Amino acid sequence: MGAGRYLLAALLALLHYDLARGVAPLLCSSTICAINPTLNTIILEKPYCFYTSSSPVTVALYVARNSAESNKLELTNTYYTTDRGRSAPYVAATFKNPVCAGDPTTADIGEYVYRVGDNENCFNLKFCNGPLLNNTAYRFLYAFYDTSNVLLYQSSWSAPITTKQGKNPSSIDTWPGARSGGMIVLTSILSVLMFLLLAGLVAAVITSLMTQTKELEPTRHESRSTHVPQKSEGAAPSLSGSERYSTNPQP
Ligand SMILES: *[C@@H]1O[C@H](CO)[C@@H](O)[C@H](O)[C@H]1NC(C)=O
């Protein structure tokens, strides 16, 4: 019986753990948000149906670098006081808890998602949603507060999401049309092939010209050879004996 009770307790603990970790901020899916994340921004789905309540609830979006020193939630933490989320999570924005109803459509995409890092200039804003660092992992959390800023519920931290890597400006090729290594190799091969083709063409032309002149020569030989036997017959007696019986045929 004792073991059964322990098992039940363990199961309940697991269930509680699952419920507590059930929801976390999600990256806006690629079917809706085409380019996400970018160098300085990450688009998240708003917390639909994370926390339902009839009384007014405010959602605070916390942003922290994955390597942040602290995970403590403070509504007063800002982009600047936390060194862009390096020391602790900061509040990037607050908005009304979205109404949990049906599937959001692409028509209300602005309502459905939130772009973190969108605010280039936010010196006078209470919550600064300043640009994120490139090639840096961030984590996000939604916290739900009542009108007197009492924490009602908080989601889990999202999985780390990394912004795109920026290119060093001096390494960017400014020539028109970027050329890759493969392209250079292909061009070289094509150049060599082109040269071989041209050389072959020239050789073919020269050979055909030479065979044309050779084809003319045998007719001249034939006309001459018809004459030669008559001449050699007449000249035969003048040949010496050794010449006459030599194994080499006379021309
Ligand atoms: C990317 O981040 C590095 C380091 O923080 C910075 O030096 C570089 O200028 C950034 N690149 C761009 C394109 O923002």
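Residues numbered from 1 in each chain as written. Predicted model: local features only at pLDDT ≥ 70, side-chain atom pairs only at ≥ 80, totals over all residues. Heavy atoms only, no water.

Peer 1: Which parts of the structure should I look at to understand unusual backbone geometry?
Peer 2: Excluding glycine, residues mostly carry a negative phi; peptide bonds, for their part, are mostly trans. A cis amide bond links Asn36 to the next residue, Pro37, at an omega of -5°. The topology assignment puts Pro37 in the loop between α1 (2–20) and β1 (42–45). The backbone phi angle of Arg84 is positive, close to 60°, even though this residue is not glycine. Assignment of secondary structure puts Arg84 in the loop between β2 (58–65) and β3 (90–96). Judged by relative accessible area, which is 32%, Arg84 ranks as partly exposed. Phi angles above zero are rare outside glycine, and Asn135 is one such case at about 50°. Here Asn135 lies in the loop between β4 (113–116) and β5 (137–145). (Helix = DSSP H or I, 4+ residues; strand = E, 2+ residues; numbered from the N terminus. Buried < 20%, exposed > 50% of the residue type's maximum accessible area, 1.4 Å probe, protein only.)

Peer 1: Would you mind going over the state of the cysteines with me for this structure?
Peer 2: As used in these notes, a disulfide is a covalent bond between sulfur atoms, one from each of two cysteines. One pass over the structure, following the stated rule, counts three disulfides. Disulfide partner of Cys28: Cys33, at an S-S distance of 1.9 Å. Given an S-S torsion of about 80°, the disulfide between Cys28 and Cys33 has right-handed geometry. Residue classification places Cys28 among the buried positions, given a relative accessible area of 3%. Under the relative-accessibility criterion, Cys33 is labelled buried at 5%. A sulfur-sulfur distance of 1.9 Å marks the disulfide that ties Cys49 to Cys100. (Disulfide = S-S within 2.5 Å.)

Peer 1: Please explain the environment of Ser155 as it appears in this structure.
Peer 2: As for its placement among the helices and strands, Ser155 is situated in the loop between β6 (151–154) and β7 (161–162). Owing to a relative accessible area of 2%, Ser155 belongs among the buried residues under this scheme. Ignoring anything within four residues of it in the chain, the contact list for Ser155 reads Val23, Ala24, Pro25, Phe50, Leu141 and Tyr142. (Contact = heavy atoms within 4.5 Å.)

Peer 1: Sorry if this is basic, but what is going on with the pattern of salt bridges here?
Peer 2: Scanning all chains against the criterion turns up three salt bridges. The residue Lys72 makes a salt bridge to Glu74 at a minimum N-O spacing of 2.7 Å. With its nearest N and O atoms 2.7 Å apart, the salt bridge here joins Asp83 to Arg86. A relative accessible area of 39% means that Arg86 is categorised as partly exposed. (Salt bridge = Lys/Arg side-chain N within 4 Å of Asp/Glu carboxyl O.)

Peer 1: Would you explain the UniProt feature "transmembrane region" (unreviewed entry) in the protein in this entry?
Peer 2: Using the residue numbers shown here, the UniProt feature "transmembrane region" (unreviewed entry) corresponds to residues 183–206. Along residues 183–206, the helical share is 100% and the strand share 0%, with 35 Å between the first and last C-alpha atoms. (UniProt positions renumbered as here; feature names shortened; annotations may be inferred.)

Peer 1: Honestly, a nonpolar patch on the surface in this entry has me stumped. Any pointers?
Peer 2: Residues Val185, Leu186, Ile189, Leu190, Val192, Leu193, Phe195 and Leu196 make up a contiguous nonpolar surface patch of roughly 800 Å² in combined accessible area. As for its position among the elements, Leu196 is in helix α3 (residues 181–235). (Patch = residues over 30% accessible without salt bridge, like charges linked within 9 Å, V, L, I, M, F, W, Y side chains within 5 Å. Areas by Shrake-Rupley, 256 points an atom, 1.4 Å probe, with all protein chains shown as cover.)

Peer 1: Quick question: what am I supposed to make of the nonpolar core here?
Peer 2: Of all hydrophobic cores here, the largest spans 22 residues; its most connected members are Leu44, Leu61, Val63, Val116, Phe140 and Tyr142. Those elements that provide at least two residues to this core are β1, β2, β3, β4 and β5. Excluding residues that lie within four positions of it along the chain, Phe140 makes contacts with Pro25, Ile42, Leu44, Leu61, Tyr62, Val63, Val116, Ser156, Trp157, Ser158 and Ile161. One finds Ala60, Ala68, Leu73 and Trp157 within the second-largest nonpolar core, a separate group that totals eleven residues. (Core = buried A, V, L, I, M, F, W, Y, C linked by side-chain atoms within 4.5 Å.)

Peer 1: Sorry if this is basic, but what is going on with the packing of aromatic side chains here?
Peer 2: Pairs of aromatic rings are described using the distance from one ring centre to the other and the angle between the two planes. Tallying each qualifying case throughout the model produces nine aromatic pairs. Ring geometry for Phe95 versus Tyr142: centroids 6.3 Å apart, planes at 70°, classification edge-to-face. Within this pair, whereas Phe95 is found in strand β3, its partner Tyr142 is found in strand β5, the two being separated by 47 residues in sequence. You can call Phe95 buried: its relative accessible area is 13%. Relative accessible area serves as the criterion here: at 0%, Tyr142 is assigned to the buried category. Here the aromatic residues Phe50, Phe95, Tyr114 and Tyr142 are joined through ring pairs into a cluster of three or more. Sitting over the ring of Phe95, Lys46 keeps its end group 4.7 Å from the ring centre. (Phe/Tyr/Trp six-rings, centres within 6.5 Å; stacked < 30°, edge-to-face > 60°. Lys NZ or Arg CZ within 6 Å of the ring centre and 35° of its normal.)

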